[in-house]
Every structure is written in C-alpha cells, then in structure tokens.
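Close look at the chain arrangement
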Amino acid sequence: ISNNMIKINLENIYEPISISEDFIEIIFHSEIENDEVIPLYIRFSSINDIHLPNVYNLGFGPIDKDGNIDDLIRLRHKNLNKLFSTLVFFAISFLENNKGSIVGIDGSDESRAYLYHRIFKSNKEELSEILVTIGIDWYVKLLRNGDVERDDDGMPYFKPLLEPFNYLRKNSDLYRYY
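Now for a description of the structure that goes with this document. (Residues numbered from 1 in each chain as written. Predicted model: local features only at pLDDT ≥ 70, side-chain atom pairs only at ≥ 80, totals over all residues. Heavy atoms only, no water.)

Tallying secondary structure elements over the protein gives three helices and seven strands in all. Ordered by position from N to C terminus, the α and β elements of the protein give β-β-β-β-α-β-α-α-β-β. Here the C-alpha coordinates of the protein stretch approximately 60 × 35 × 30 Å along the principal axes. Taken across its 178 residues, the protein has 37% of its residues classed as buried. Partitioning the contacts of the protein with sequence separation of at least 6, the portion at a separation of at least 24 is 60%. Summing over all exposed atoms, the protein offers an accessible surface of approximately 10,900 Å²; the carbon and sulfur share of this is 50%. (Helix = DSSP H or I, 4+ residues; strand = E, 2+ residues; numbered from the N terminus. Buried < 20%, exposed > 50% of the residue type's maximum accessible area, 1.4 Å probe, protein only. Contact = heavy atoms within 4.5 Å. Areas by Shrake-Rupley, 256 points an atom, 1.4 Å probe, with all protein chains shown as cover.)

Quick look at the structure:
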C-alpha cells in the first residue's frame, strides 16, 4: 500500500456495473498496475451487534471461488484516489437509500486499518461536509469489586466506546472500527 496521501474526490469514481435494488451490493471495474481490469464488489452486511444497531460493515474486493469477498488479497491498484473515492461515494449512496443505517469499516489487517485511519485524517474537510465520522474502541467495564464484567462464558465482556473521530489522534493509535 502506497504511502502517498489518498485524496477523496466524489466526482472521480468508477462507474458501477451493477447495483442491487437495496444498494447492499455494488460491482465496478478497477484497473490494477499490470493494466488488468478486474471486477470489485462492495457489500454492506449487518454486523449484528446489540451495542451497534443498524451498523453495516462495508466490505470490498474481488470475489473468491466461494462467492465471498476476498478482503485479504494484495492488489496494486493503478488509481487509489479513484478506488477510495468510489467506496466513499457508494457508502453515501447506501446511506441515502437506507435511512437510519450507519456504515462502518474495519481493516482486515493492521496495514489496512492504518491506511483507513490516514484516509480519514487527510480528507477531514471533504468528508466532514457530508459524513459524521466516528471512531470506536472497545472497553471492558471494571466492576467495583475489582473484577471485570464477563459474558456467559466467563470471558471479559467488550463493549464499543464511540467517539467523534479525533483528528489529532496519532496514526499509530488506531481505532478498532471506523
């Protein structure tokens, strides 16, 4: 993944090949560095968390042999600005067509989470005009007896802690979810 700053421009996006009626799935072509054009899929799926109602995770990438999005594949896209502008554009389209919903993203690995964090920070002005950006960390409640709150299996019970995206937060201090 390039260290260059990615700039979001909602007027420079890849045209969709297909959009589902409910905007849950969008397909578009992206050009990668060897001049190959590949279909990429965007899917919005409910995260089904009682603490984060109506949150849909934005997943994207090519489809694997089982029909799932391969979000771990390493592709070298020719135009990262256009790729991420396309993702933001269709996230906004999903929100406009699914009122009351929230779109979240989670890097499938540390380097992708770092990239998303930097994209939000470097596009603060552009994104803050159209989106409310939130960062989520996870916490475990410390009980008065000195123990921590636990789930039915005795494991620490993690809950989301939502906050407005802190643009002064260091790039190395990643949120768990955006």
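Moving on from the model shown.
This next bit is on the side chain of N123. When you line up the elements, N123 lands in the loop between helix 2 (110-122) and helix 3 (124-128). By relative accessible area, which is 0% here, N123 ends up buried.

On the surface, V132, I134 and L162 cluster together into a nonpolar patch covering about 280 Å² of accessible area. Its relative accessible area of 75% is what places V132 among the exposed residues. (Patch = residues over 30% accessible without salt bridge, like charges linked within 9 Å, V, L, I, M, F, W, Y side chains within 5 Å. Salt bridge = Lys/Arg side-chain N within 4 Å of Asp/Glu carboxyl O.)

As a further point, take helix 2. The terminal C-alpha atoms of helix 2, which comprises 13 residues, lie 18 Å apart, in line with the 18 Å expected from a rise of 1.5 Å per residue. For helix 2, the set of buried residues is R112, A113, L115, Y116, H117, R118, I119, F120 and S122. Elements that come into contact with the buried residues of helix 2 comprise strand 4 (55-61), helix 1 (80-97) and helix 3. (Expected span 1.5 Å × (residues − 1).)

Right, let's talk about unusual backbone geometry for a bit. Its identity is not glycine, yet F23 carries a phi of approximately 65°, on the positive side. Inspection of the secondary structure puts F23 in the loop between strand 1 (16-19) and strand 2 (25-31). According to the relative accessible area criterion, F23 is buried, its value standing at 17%. Phi at D35 takes a positive value of approximately 70°, unusual for a residue other than glycine.

The next thing to look at is the environment of L75. Following the sequence through the fold, L75 ends up in the loop between strand 4 and helix 1. Accessibility expressed as a relative area gives 27% for L75, which makes it partly exposed. C-alpha of L75 to C-alpha of E31: the two residues are 44 residues apart in sequence and 9.9 Å apart in space. If near-sequence neighbours (up to four positions away) are discounted, L75 is found in contact with I32, I38, L40 and P62.

With that settled, the discussion passes to the sheet that holds strand 4. Spatial ordering of the open sheet is given by 1-2-3-4-5, a layout of five strands whose pairing is mixed. Only two strands of the sheet have a single neighbouring strand rather than two, namely strand 1 and strand 5 (102-104). The mean inter-strand angle of the sheet, taken between neighbouring strand axes irrespective of direction, is 25°. (Pairing = 2+ DSSP bridges. Axes fitted to C-alpha atoms, helices over the stretch in contact; angles between N-to-C directions.)

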